[in-house]
Amino acid sequence: MDITLQQLVFYVVAILMSVFSVMTVTSGSILRSATYLLFVLFGTAAIYFILGYTFLGAVQLMVYAGGIVVLYVFSILLTNSDKSINQKICKSKLFAVLATVLIGAALVLFLIWTNGFALNAIPECSEIGLKEIGRDLIGMDKYQYVLPFEIVSVLLLACMIGGLLIARKR
Amino acid sequence: MEIHVVYYLIVSTIMLFAGIYGFFTRKNLLAVLISVELILNATNINFAVFNRYLFPDVFEGHFFALFGIGIAAAETAVAIAIIINIYRNIRNIQTDNIDEMKG
């Protein structure tokens, strides 16, 4: 059985993402946990690239890896929460959470596995160009998105003002 | 070019449940927020994958993931502003200690 380069890249990225996302929630140092989150976000961008959504992958890299993780690291250092992360919840609660997560994951994986998706190849169509994405974002026809686009812009403005109001010194 | 669609869904399921586990077990507010990021990323992957494999002619999932990234960024910014304000008031950000609201 020969595997192509794309399959090899996908399997490596998938294994790394699974491992790092588990390490993100189990790591004892919160700064390290944020670093593992950064690796998971890089992996997500790589999956978008493999799927052919290059614009989405670029947005993921810019917004998440460039913006949000830096925000996290700054606020971790500001609130010096590195010492207080190791406070654990009690044993019975931990057992309940573990059982919930494992049973839920097993159930969902079983459903996915037995659903019988017969699709094993990415459909052959060229990747969408930037021109088409731009037209869809500001078009007003069916399956075009000018209204959500404007609403998101208002939401971002409201978040900016709200963030300034909440975080400023009294 | 032959990657079965199930493998993508397995990865996103593992991410989702890792996020849920962290959401329940962490006590630090920033660590809880990091777990929420994992959950949101898993849903975004699912949007993109279902769009690409099941309906390759339209781009609904692509734009849903795009708007999801934007809204997640806004949510994170506001949440971090609130957390820093809490830290300024009570000098730590453990979930146990946040049990009263001061106007």
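Treat the numbers as computed from the prediction; the structure is a model and nothing was measured.

Parameters and conventions
- Residues numbered from 1 in each chain as written.
- Chains lettered and ligands numbered in written order.
- Predicted model: local features only at pLDDT ≥ 70, side-chain atom pairs only at ≥ 80, totals over all residues.
- Core = buried A, V, L, I, M, F, W, Y, C linked by C-beta atoms within 7 Å.
- Buried ≥ 20, exposed ≤ 12 C-beta atoms within 10 Å, placed from the backbone.
- Helix = DSSP H or I, 4+ residues; strand = E, 2+ residues; numbered from the N terminus.
- Contact = placed C-beta atoms within 7 Å.
- Nonpolar A, V, L, I, M, F, W, Y, C, P; charged D, E, K, R; others polar.
- pLDDT = per-residue confidence, 0-100.
- Axes fitted to C-alpha atoms, helices over the stretch in contact; angles between N-to-C directions.
- Parallel < 35°, antiparallel > 145°, perpendicular 65-115°, else oblique.
- Left-handed = near helix turned anticlockwise from the far one by under 90°.

Core analysis: the largest hydrophobic core is formed by 57 residues, its most contacted members being B:Met15, B:Leu30 and B:Ala48. Broken down by secondary-structure element, the contributors of at least two residues to this core are α1 (5-26), α2 (30-51) and α3 (54-78) of chain A together with α1 (5-25), α2 (29-54) and α3 (60-90) of chain B. At twelve residues, α2(B) tops the list of elements feeding residues into this core. Once residues within four sequence positions are removed from consideration, B:Ala48 is found in contact with A:Tyr48, A:Leu51, A:Tyr53, A:Leu56, B:Gly61, B:His62 and B:Ala65.

Attention now moves to unusual backbone geometry. Although it is not a glycine, A:Tyr143 adopts a positive phi angle of roughly 60°. Look at A:Tyr143 and you get exposed, because 10 C-beta atoms sit within 10 Å.

Each partner contributes residues to the interface: chain B has 62 residues there, and chain A has 69 residues. Here the side of chain B that touches chain A gets 21 residues from one element, more than from any other, and that element is α3(B). Looking at side-chain class alone, the side of chain B that touches chain A contains 44 nonpolar, 13 polar and five charged residues.

All right, on to the confidence of the model for chain A then. With 91% of its residues at a pLDDT of 70 or more, chain A has an overall mean of 87. Within chain A, the element-level pLDDT minimum falls on helix α5 (residues 130-138) of chain A, averaging 86, and the maximum on α2(A), averaging 93.

A residue-level look at chain B finds 96% of positions with pLDDT of 70 or above and a mean pLDDT of 88. The ipTM for the predicted assembly is 0.91, set against a pTM of 0.90.

Our next topic: the packing of α1(B) against α2(B). All names here are of chain B. At a closest axis distance of 8 Å, the pairing of α1 and α2 adopts a crossing angle of 160°. By the angle between their axes, α1 is roughly antiparallel relative to α2. For the crossing formed where α1 meets α2, the hand is left-handed. Each residue belonging to the contact of α1 with α2 can be placed in one class, and the counts come to 18 nonpolar, six polar and no charged.

Right, let's get into the packing of helix α4 (residues 91-114) of chain A against α1(B). Where α4(A) meets α1(B), the axes come as close as 10 Å, and the angle between the chain directions of the two elements is 165°. Taken together, α4(A) and α1(B) sit at an angle that is classed as roughly antiparallel. Between α4(A) and α1(B) the crossing geometry is right-handed. Within the contact between the two elements, α4(A) uses A:Leu94, A:Val97, A:Val101, A:Gly104, A:Ala105, A:Val108, A:Leu109, A:Ile112 and A:Trp113 and α1(B) uses B:Val6, B:Leu9, B:Ile10, B:Thr13, B:Phe17, B:Ile20, B:Tyr21, B:Phe24 and B:Thr25. Class assignment of the residues belonging to the contact of α4(A) with α1(B) gives a composition of 15 nonpolar, three polar and no charged.

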